[in-house]
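Per-entry structural report
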Amino acid sequence: MRTLLRLALPMVAGMLISGCMSGDLDVGQNLINPDEMELQYIDTVTVNLSTIMAPDSFVTSSDSTILVGRWTDSQTGQMEGRGFASLSYVTNDLPDQKGIRFDSLVLEMVYGYSVGDTLKPFTLQIHQLRQPLDIGAVHYNTQSVAYNATPLITTTFLPQFKEEIRQVRVRIPDALAQSFYAKLVSKEINSSESMSDYWKGFAFLSPAASNVFLGLNLTSSLSGIRLYYRGNDISQTAGNLLFPFQSSQFTQLTNNRSGTPLQALQRASDAVSSRTTQNSSFVVPGAFLSTRLEIPSLSEFIKPENFIGLNRAELIIEPIRRDVRDNNAPPDQLALYFTNNQNETLEAVPGFSTGASAAVASYSYLPNAIELEDAYVFNITHYVNQVMRGLSVNRPMLLKVPTGQSTMKTMIQRVAFGNRQSTTDRIRLKLYITSDT
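Presented here is a report on the structure given in the accompanying data block. Since we're looking at a predicted model, the values are computed, not measured. (Residues numbered from 1 in each chain as written. Predicted model: local features only at pLDDT ≥ 70, side-chain atom pairs only at ≥ 80, totals over all residues. Heavy atoms only, no water.)

Further remarks concern a nonpolar patch on the surface. Residues Val59, Val138 and Tyr140 make up a contiguous nonpolar surface patch of about 220 Å² in total accessible area. Considering the arrangement of structural elements, one finds Tyr140 in the loop between strand E7 (122–128) and strand E8 (153–157). (Patch = residues over 30% accessible without salt bridge, like charges linked within 9 Å, V, L, I, M, F, W, Y side chains within 5 Å. Areas by Shrake-Rupley, 256 points an atom, 1.4 Å probe, with all protein chains shown as cover. Salt bridge = Lys/Arg side-chain N within 4 Å of Asp/Glu carboxyl O. Helix = DSSP H or I, 4+ residues; strand = E, 2+ residues; numbered from the N terminus.)

The following block contains the structure:
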């Protein structure tokens, strides 16, 4: 449960407590004596929420990480992430070295981040690709590459890394590793082409049932397959050689909404009312889900008696969340965009009192509150003023991650919002107005 009043900005905190007090002296001074003004707020304006789907592919090969895991939700369905990567060849002097012997071959991947439940064991399956990746090509979330059905390696671990260098390290089977070493020494593998012919690449999957995604940074200088070898001298001097991943890694994200209320989203024009999804709506970028907002009475707003002017309009949207330590943080920022009957993303909604900048809000919470108090607070004063004055039409809006902020981590973040019928977290449009006494 949240307490909206405590989330108000300091400039209006006093009036939230009193509900009515001396007004803003900058409003209506030429109309009436400031001592005869009152400042009050109204939060009974209806805001209707629904969830829409705007399918579109997005580039995943430009991100440094691959995503592996899945997330199942009774309302939004299942999202699954699979990663694909190929290895680079590194010029080496192994064929010229004398008195060394093979030790082991280890697949090493830097652990970037996790989203979800990291308290349960995570199973990672690594499959060999059937064909090399197209190096230099742009890869999208909808793409996949054929791989062997049987995993090359299966490993299970707790995704909680406390070492300074956080890595997932998996030993490659000895027979395959020794064969690779032998081909390096014999110079059968001596170029990127011969390297790709031998390895082709890897597909990274997880059959884990828990809700968790791992972000593995394959562009790190510490990610790749590392060959360990030793000298035959008395001290058995150790050496190693890293073959890094190529910069062609990408993630495939798939979504399945079968059996959920959102399976009704078949066309871009479809919308599922929040009343059919437990009084909530959703923003899940990687599932193409956004929230549609409509304020039907805004253009016919009945002004209070003795109304002078609108001081501020705040759209306060509360995420349905219990604890900020749940390792499932909502997006850092959300933005409002105008839309149409096809749920297309049009121009940004003007923000603040001048409308000179877009309506963008950052996720914020009170760190010392007994119960979590958090929200996205949008200042849409300019837009509401224009509608109330008849200078602009009342238009539906989309709530989504700002354009251009589509990192892989952002794509799998998810947030739900309560409508006005929700028992705890609700959306409210608060209008701060000035009237005479």
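Let's shift gears to the pairing of strand E5 (residues 77–85). Among the nine residues of E5, seven are classified as buried, and the element is accordingly described as predominantly covered. Strand direction decides the pairing type here: strand E4 (residues 65–73) and E5, joined by five bridges, are antiparallel. Its bridge partner being in E5, Arg70 is matched across the sheet by Glu80. Between E4 and E5, which pair antiparallel in sequence order, lie three residues. Where E5 and strand E14 (residues 250–256) come together, seven bridges link them in antiparallel fashion. Across the sheet, the residue bridging to Gly83 is Thr251, located in E14. (Buried < 20%, exposed > 50% of the residue type's maximum accessible area, 1.4 Å probe, protein only. Pairing = 2+ DSSP bridges.)

Within this model, the largest pocket holds a volume of roughly 780 Å³. If you go around the largest pocket, you meet 29 residues; those closest to its centre are Asp73, Ile320, Arg321, Arg322 and Ala416. Broken down by secondary-structure element, the contributors of at least two residues to the lining of the largest pocket are E4, strand E16 (280–283) and strand E26 (415–418). Of the residues that constitute the lining of the largest pocket, the class distribution is ten nonpolar, eleven polar and eight charged. (1 Å grid on protein atoms, 1.4 Å probe; cavity = no way out; pocket = protein on both sides within 12 Å on 5 of 7 lines; lining within 4 Å. Points joined across faces, edges and corners; volume = space filled by probe spheres on them. Nonpolar A, V, L, I, M, F, W, Y, C, P; charged D, E, K, R; others polar.)

So, about the environment of Ala416. The residue Ala416 is located in strand E26 in this model. Spatially, the C-alpha atom of Ala416 lies 5.6 Å from that of Pro319, the residues being 97 residues apart in sequence. Residue contacts for Ala416: discarding those within four places in its chain leaves Ser281, Phe282, Glu318, Pro319 and Ile320. (Contact = heavy atoms within 4.5 Å.)

This next bit is on empty space enclosed by the protein. On inspection of all chains with the given rule, the structure shows one cavity of 30 Å³ or more. Volume-wise, the largest cavity comes out at about 40 Å³. Residue lining of the largest cavity: Trp71, Thr76, Gly77, Gln78, Met79, Asn255, Asn256, Arg257, Ala287 and Arg414, and that is the complete set. Listing elements by their share of the lining of the largest cavity, those giving two or more residues are E5 and E14. Per element, the largest residue contribution to the lining of the largest cavity is three residues, and it comes from E5. Here the lining of the largest cavity is built from residues that sort into three nonpolar, five polar and two charged.

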